[in-house]
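Fold and geometry: a report
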Amino acid sequence: MTKTILLFLSTLSYQLGMTQNSHQKNDSFSYHRHELGLDGTNFIKQFLTLNNQSQAYNPKYYLTYRFHFKNESNLRAAIGGTYRKENTKSPNSSDPNRAQDFEKSLDFRIGYELNKKLSRRWNVFYGLDLRSSVSHLKNDATGQINGYQRGTKTDIKQTGVAPLLGFKLEINNRVSLTTEASLVINYHEEFSYFYYKPLFNGVPTRPDDNKKDTYNWYSSFNQPLFIILVIDL
């Protein structure tokens with residue numbers, strides 16, 4: 001088994017070496033087909049002392065991916081999201097149940113970009129994304145009214161397009177840092193309502209009410225205030 005593993009590692013190292021030598025002879029923008037990226041903004045901020053009082057940064061997309069075409073263009077995608085669940089004791093001491101504050105969301109984008117080399121290490125890219133996000137929020141304890149504990153449920157859907165402009169710094173032929181700015185035009189749908197839970201025995205059930213639907217368009221500008229660490233595979 002040990003000999004087999006050593007043979008496999010030797011073969012893999014040889015193939016990687018041959019691939020790298022072949023790529024070094026190629027002057028194209030990308031040496032590798034696939035690229036994975038992680039948001040490294042918080043990690044990098046630990047080494048900066050210019051602004052110790054900066055607000056906490058929560059990335060929208062945690063994992064990014066690019067497929068490099070030979071014509072100096074990329075198919076790009078990213079995914080992110082949140083999941084939070086908190087259980088608290090009901091404000092009514094006679095209620096054995098626990099109130100729940102729950103949130104989950106999923107953010108996804110896919111797009112296409114073109115690349116231009118500015119220097120040996122610096123590159124600029126520009127393109128267009130299609131973006132989508134969904135989220136669900138539920139809070140059992142938003143207030144008490146007439147013998148009921150009132151809760152809320154909210155579902156949000158967003159779709160949008162985003163022209164973008166970014167820069168890439170190549171540390172070596174596999175590792176790079178990127179950042180970008182984008183102007184997002186979003187269509188927003190929000191559906192929410194109140195629900196009620198009796199606080200005392202003998203209190204009748206109460207139907208959901210105050211349902212509210214919201215539809216609107218809005219735009220937002222995302223500044224290049226984040227750093228993505230990318231690795232070519």
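All figures in this text were calculated on a predicted structure; none of them were measured in a lab.

**Some thoughts on the overall build of the chain**
- Along its length, the chain carries two helices and nine strands.
- For the chain, the sequential pattern of α-helices and β-strands runs α-β-α-β-β-β-β-β-β-β-β.
- In the chain, of all internal contacts separated by at least 6 residues, the share reaching a separation of at least 24 is 66%.
- With an accessible surface of roughly 15,200 Å², the chain has 60% of that area assigned to carbon and sulfur atoms.

**What about the packing of aromatic side chains?**
- The final tally for this structure, using the stated rule, is six aromatic pairs.
- Ring centres of Y83 and F102 lie 5.4 Å apart, and the angle between their planes is 80°; this geometry places the pair in the edge-to-face category. Here Y83, found in strand β3 (residues 73-89), pairs with F102, found in strand β4 (residues 98-117); they are 19 residues apart in sequence, far enough to count as distant.
- Note on F102: relative accessible area 13%, which makes it buried.

**Things to note about the confidence of the model for the chain**
- Scored by pLDDT, the chain has a mean of 83; 79% of the residues are at 70 or more.
- Note on residues 1-9: pLDDT under 50 across the span, and zero contacts to partners over four residues away in sequence or across chains.
- Low pLDDT, under 50, characterises residues 11-30; the predicted model gives this stretch eleven contacts beyond four residues in sequence or across chains.

**A closer look at the side chain of E189**
- Among the secondary structure elements, E189 is positioned in strand β7 (residues 175-198).
- Buried E189, no salt bridge; nearest opposite-charge side chain is K157, N-O distance 5.2 Å.
- Of note is the side chain of E189, whose polar atom sits 3.4 Å from the side chain of Y187.
- For E189, the contacting residues outside a window of four places in its chain are D155, I156, K157, T214 and Y215.

**Structural notes on the pattern of salt bridges**
- Within this structure, the stated rule accounts for 15 salt bridges.
- Among the ionic pairs, D107 bridges to K60, the shortest N-O distance being 3.3 Å. Pair noted here: D107 is in strand β4 and K60 is in the loop between α2 (41-45) and β2 (63-68), with a separation of 47 residues, a long-range link.
- Across the pair R206 and D209 runs a salt bridge, and its minimum N-O distance is 3.4 Å.
- The network of salt bridges with shared partners includes E35, R66, R76, R109, E113, D129, R131, K168 and E180.

**A short note on the side chain of S73**
- Structurally, S73 is set in strand β3.
- A polar contact is formed between the side chain of S73 and the side chain of N71, at a distance of 2.5 Å.
- Of note is the side chain of S73, whose polar atom sits 2.8 Å from the side chain of Y112.
- The contact partners of S73, leaving out residues within four places of it in the chain, are F67, H68, Y112, E113, L114 and N115.

Conventions we followed
- Residues numbered from 1 in each chain as written.
- Predicted model: local features only at pLDDT ≥ 70, side-chain atom pairs only at ≥ 80, totals over all residues.
- Heavy atoms only, no water.
- Helix = DSSP H or I, 4+ residues; strand = E, 2+ residues; numbered from the N terminus.
- Contact = heavy atoms within 4.5 Å.
- Areas by Shrake-Rupley, 256 points an atom, 1.4 Å probe, with all protein chains shown as cover.
- Phe/Tyr/Trp six-rings, centres within 6.5 Å; stacked < 30°, edge-to-face > 60°.
- Buried < 20%, exposed > 50% of the residue type's maximum accessible area, 1.4 Å probe, protein only.
- pLDDT = per-residue confidence, 0-100.
- Lys, Arg positive; Asp, Glu negative; His and termini not counted.
- Salt bridge = Lys/Arg side-chain N within 4 Å of Asp/Glu carboxyl O.
- Polar contact = N/O pair within 3.5 Å; in protein donor to acceptor, adjacent residues only side chain to side chain.

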